[in-house]
Amino acid sequence: MTAPAVLPKLVGQRVRRREDPRLIQGRGTYVDDVTIAGLQHLAFKRSDIPHGRILSIDTSAAEALDGVEAIFTGAQIAEFLGPMPVPTPFPAPEHRAVAADVVRYVGDPVAVVVARDRYLARDAADAITVDCEPLPAVVDPEAALSGQPAVLHADFPNNVAVGPLPAGTGVGRGGQVDDSAVDGAFAEAEVVVSQRMVNQRLAPTAIEPRGVVAHFEPGKETLTIWSSTQNPHILRTHVAALTGLGQDQVRAIAPEVGGGFGAKINIYGEDLVAAAVSKRLGLPVKWVEDRSEAFLATIHGRGIIGYVDIAARRDGRVLGLKLRLVADIGAYNMLLTAVVPTQTMRMANGTYAFPVVRATLTEVFTNKTPTDAYRGAGRPEAAYFVERAMDMLAREIGMDPAELRRRNFIQPHQFPYKTQVGALYDSGDYEKALDRALEKAGWEQLKAERDAARADGRLVGLGLSMYVEICGLGPSARLPNGGWEYSQVTVERDGRISATTGVSPHGQGNETTFAQMLADQFGVPLEHIRIHHGDTAVVKQGIGTFGSRSQAVGGAALHLAGGKVKTKMAKFAAALLEAHEGDLVFENGRIAVAGAPAAGKTFAEVAAYAHRPVKLPAGLEPGLSEEAFFEPPNNTYPFGCHIALLEVDRDTGEPRLLRMVAVDDAGNLINPLIVEGQIHGGLTQGIGQALVEEVVYGDDGQPLTGSLMDYAIPRATDFPRFELDNTVTPTPVNPLGAKGVGEAGTIGSTPCIVSAAVDALGGFGVRHIDMLLRPEKLWRIIHGGNA
Amino acid sequence: MAQVSITVNGRQRTADVEPRLLLVHFLREHLNLTGTHVGCDTSQCGACTVLLDGRSAKSCTLFAVQADGSEVTTIEGLADGDRLHPLQEGFWEEHGLQCGYCTPGMIMSAVNLLHDNPQPTEQEIRDGLDGNLCRCTGYQHIVNAVQHAAERTNRG
């Protein structure tokens, strides 16, 4: 077979991933695979009570073990490591990586062991005894607001971390509140639905636990830190600041990272302790989290109570929304802890043109693991509260839930649409996504099937939810470390292309998608392109991978850098070909005058000339390497519609998902295969929240879900085959028109599962069921017990 | 210390180990075969799955001394030289992985599954992989990957 005349365009194609050959052969290097001569292992001694004052710590038995290099208590660590940085614009209590006086959650570290191997380090940690005076544990966030039974942080009366923070109609710039319009809407309403809903705590549970290797080299005075992180550049910033080193002295590397889901955005105490201890001892050190440890030491997600009220007319027209939020943020502020619930407030409108909206947020300290970003980070909670309430309204007025949505959408001509709570939706066509989903699911027929099943005595329910969410994080005004992204594109001397990106993929497949983009931009084969990421010594600048920003922000930076190089390369080619650069085409690895490909030059020829320009064209510097920073003017707001068919077993209460239809609009897509994978994974986590996942604390503040035996994450047997489709509404906020897709599935799916369960059990008089949908809970509804 | 002799990926390996050393740590730290991963400490996740005398086994739940005299195959031993195993091909073709951390264990479990049942239904694949957790893919592309391998293998 002869080669095609022109290389096929790759953007939009289902290209198999370039990351995979190493990963399917076990040749990837994750942080626990990194080893260095003389490596020491860390183990943390952690508090086993939720709240208490440290009276004494006895490390003598641990120190006596052969092979223990050093032990540091919190007080000793404090001598050479400052408090954890919390760069959000909210007040935060002091947070020590290792507690020195008071422990505030089960898992709070109190000492760290440095030892020859990981087994010995664990032995030594177990041999440390800690004497604590127990203090009352604050567990219920609403009770905590009265300061009972204790106050966690002296400067935060009644355990209030943030708020009450108002947003929406009638809220002035200074925070003053005029409720008249909102009260008026509710006074006019023919129907009001009101519900308290709990969006429960979750454990992110990337299959690779966290880990870090820190290697300070005395004499060289540099520190290299490998960490299972989503953002090595932010890690470098914090590690340098906390160890007293310059950013030029710190190199942060994210090797293969085994999933993040938001939990690996944070700069954790263990990262900082490893860096500080390595510098202190002049030895390389490693710490790898146990799974059981991860349930205590890695941030949790969600954990927010919503009081939702919707005012409406009987014809289904909504008049107003009230959303009062109480976030149970745990014991301390981590990197984005305080910010995540504000995103719930910011997405209060959902896809609907509510005439008035009042949102109010209070964040509360409790004696639990801190919460922070988990896939969706604030948006799933908003979609859940609003969509569940819309579903309740539909049932209340006896209207088809799809029809109710249709009557209240923000319309395509209204974009960009500024919501009352401060979001500026970039583009959207919600009715199109709804219609596509209804068609894909066969909505009318599905309703008939449900009714027929019910007539047979089966408990079958249908759920539908819309969602809109925030992707493409930045802009810089919204993120403490900046919201841009960086890329450098280099045409090497042999004509092949190396590119770096400041996003740090851990499953997203950017080595493939970014290469697809450059292949099309330059007209070269995919195999001639290499994408580098995750190493601050290789990638000069960057922010990282979170908030579904890889494509919308990182991809845009890559595209801009590529464009700069291409422009420069055209100038060199024009000089070689004695042609006008505007007449040149880049095709099949060659640059030629349009219409005369045979007379063109190969990439290697042009690149060789650019790197040895004996006759340098006027105004050009040698070389073919350019960089770009892309600062997005706004976020993107992807949206979609999800539909679920679910059956509850009458005898056992067990819910069984029968169908799951998801229509998502992420704007333009680079690789539909990878997009599908992202949506599948997102759906699984969103459905997981509804059906199997919950972090549970006892009334005494003890975590009851401390291992994967107690905390369930979904298994292959929990799902039917997902049915996907998409609509395409490009965004105007970046040159690619791509919105982002990493979190969408998690956001739309959860409310529609719960709505399907409520629909299935509607005959028993139930209006709402708090997650998770435990069989026992459903069985009680069916059989007359308490829900 | 106890002496163990284990044939790993066709090579006999002898070492003195602590009796409490887990098989997974023997593979990873004594033999530098780091393709086998650790994702939990309670035998739930399956990231550490290897073949022990031809059957899938969770290597974080076995002491190295329990594998004394046995044959172990890890992900590194699955391909035939440069020729990928049909399951490796399937995972690549069908986008059966994202972060790749669960993948070696998932593939080794699937090897056992297809050995027992060369033509599994979709439900049998899902049941067969119930002991392996993946947090990225939602499993659908993993099911496709196993189907891909099964079709390939059965076609010869």
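Visitor: Just to check I follow, could you spell out the overall build of chain B for this structure?
Guide: Assigned secondary structure in chain B consists of 5 helices and 5 strands. Reading the helices (α) and strands (β) of chain B from amino to carboxyl end gives β-β-α-β-β-β-α-α-α-α. For chain B, the C-alpha radius of gyration of 15 Å lies close to 15 Å, the compact-globule estimate for 156 residues. Each principal axis of the C-alpha atoms in chain B carries an extent, and together these give about 45 × 30 × 25 Å. Looking at the 156 residues of chain B, the share that counts as buried comes to 58%. Counting every atom, chain B has about 6100 Å² of accessible surface; 44% of that belongs to carbon and sulfur.

Visitor: Hey, could you run me through the sheet that holds strand 22 (residues 584-587) of chain A in this one?
Guide: Strand pairing in a sheet is mediated by backbone hydrogen bonds. Such pairs are either parallel or antiparallel. Residue and element names in this part refer to chain A. Sheet architecture is open: 3 strands sit in the order 22-23-24, paired in antiparallel fashion. The sheet terminates laterally at strand 22 and strand 24 (601-602), the two strands that pair on one side only. Two elements, strand 22 and strand 23 (residues 590-593), share 4 bridges in a ladder whose sense is antiparallel. The partner of glutamate 587 across the bridge, within strand 23, is arginine 590. Across the sheet, helix 16 (residues 550-577) is in contact with strand 22, strand 23 and strand 24; its angle to strand 22 comes to roughly 115°.

Visitor: In this structure, what is going on with helix 14 (residues 443-455) of chain A? I would like to understand it.
Guide: Since one α-helical turn is 3.6 residues long, residues separated by three or four positions face the same way. Residue and element names in this part refer to chain A. Helix length check: helix 14 (13 residues) gives 18 Å between terminal C-alpha atoms against 18 Å at 1.5 Å per residue, within 8%. For helix 14, the set of buried residues is Trp443, Leu446, Lys447, Arg450 and Ala453. On an axial view of helix 14, the arc spanned by its buried residues comes to 125°, and they lie on one face. Within helix 14, the exposed residues directed more than 90 degrees away from the buried face are Glu444, Gln445 and Ala455. At its buried positions, helix 14 is contacted by helix 12 (401-406), helix 13 (430-441), strand 18 (459-468), strand 26 (639-648), strand 27 (655-665) and helix 19 (744-760).

Visitor: Explain the environment of lysine 322 of chain A to me, please; I cannot follow it from the model alone.
Guide: Residue and element names in this part refer to chain A. Topologically, lysine 322 is positioned in strand 14 (residues 318-330). Accessibility expressed as a relative area gives 26% for lysine 322, which makes it partly exposed. Linking lysine 322 and glutamate 142, residues 180 residues apart in sequence, is a C-alpha distance of 18 Å. Those residues in contact with lysine 322 that sit more than four places away from it in its chain are Val182, Phe186, Tyr307, Val308, Asp309 and Arg358.

Visitor: For this particular structure, what's the right way to read the environment of threonine 229 of chain A?
Guide: Residues and elements named next belong to chain A. Its location among the elements puts threonine 229 in the loop between strand 10 (222-227) and helix 7 (232-243). Taking the relative accessible area as the measure of exposure, threonine 229 reaches 2% and is therefore buried. Considering only alpha carbons, one finds threonine 229 and aspartate 271, 42 residues apart in sequence, at a separation of 9.9 Å. Leave out the neighbours within four places in its chain, and threonine 229 touches Leu235, Ala254, Val257, Lys264 and Ser504. In terms of polar contacts, threonine 229 uses its side chain to reach the backbone amide nitrogen of asparagine 231, at 3.0 Å.

Visitor: What am I meant to see in the interface of chain B and chain A here?
Guide: Accessible area lost upon the coming together of the parts serves often as the stated size of an interface. Tallying the contact residues gives 55 residues for chain B and 55 residues for chain A. Summed over the three residues of chain B that lose the most area to chain A, namely Trp92, Arg135 and Gln140 of chain B, the buried surface amounts to 19% of that side. For the pair chain B and chain A, the number of links is 7 salt bridges. The partner of arginine 28 of chain B in a salt bridge is aspartate 33 of chain A, with the nearest N and O atoms 2.7 Å apart. On inspection of chain B and its partner chain A, the count reaches 29 residue pairs in polar contact (both at pLDDT 80 or more). For the side of chain B that touches chain A, the secondary structure elements donating two or more residues are helix 1 (23-30), helix 2 (86-93), helix 3 (103-116), helix 4 (122-128) and helix 5 (140-155) of chain B. Looking at side-chain class alone, the side of chain B that touches chain A contains 22 nonpolar, 20 polar and 13 charged residues.

Visitor: What am I meant to see in the domain arrangement of chain B here?
Guide: All names here are of chain B. By domain assignment, chain B separates into domain 1 (2-77) and domain 2 (86-155). Its C-alpha centre places domain 1 at a distance of 21 Å from the equivalent point of domain 2. Contacts between the two partners involve 18 residues from domain 1 and, on the opposite side, 15 residues from domain 2. Summing both partners gives a buried area of about 1300 Å² for domain 1 against domain 2, and 54% of it is carried by carbon and sulfur. Per-residue buried area on domain 1 facing domain 2 is highest for His37, Arg55 and Ile75; these three make up 38% of the total on that side. Counting across the interface, domain 1 meets domain 2 through 1 salt bridge. Salt-bridge contacts for aspartate 116 lead to arginine 55; the nearest nitrogen and oxygen are separated by 2.8 Å. Connecting domain 1 to domain 2 are 7 residue pairs in polar contact (both at pLDDT 80 or more). Listed by contribution, the elements that provide at least two residues to the side of domain 1 that touches domain 2 are strand 3 (49-52) and strand 4 (55-58).

Rules used in this analysis
- Residues numbered from 1 in each chain as written.
- Chains lettered and ligands numbered in written order.
- Predicted model: local features only at pLDDT ≥ 70, side-chain atom pairs only at ≥ 80, totals over all residues.
- Heavy atoms only, no water.
- Helix = DSSP H or I, 4+ residues; strand = E, 2+ residues; numbered from the N terminus.
- Rg over C-alpha atoms; globule rule 2.2 N^0.38 Å.
- Buried < 20%, exposed > 50% of the residue type's maximum accessible area, 1.4 Å probe, protein only.
- Areas by Shrake-Rupley, 256 points an atom, 1.4 Å probe, with all protein chains shown as cover.
- Pairing = 2+ DSSP bridges.
- Contact = heavy atoms within 4.5 Å.
- Axes fitted to C-alpha atoms, helices over the stretch in contact; angles between N-to-C directions.
- Expected span 1.5 Å × (residues − 1).
- Arc of directions from axis to C-beta.
- Polar contact = N/O pair within 3.5 Å; in protein donor to acceptor, adjacent residues only side chain to side chain.
- Buried area = accessible area lost by both parts, 1.4 Å probe.
- Salt bridge = Lys/Arg side-chain N within 4 Å of Asp/Glu carboxyl O.
- Nonpolar A, V, L, I, M, F, W, Y, C, P; charged D, E, K, R; others polar.
- Domains from an automatic or database assignment.

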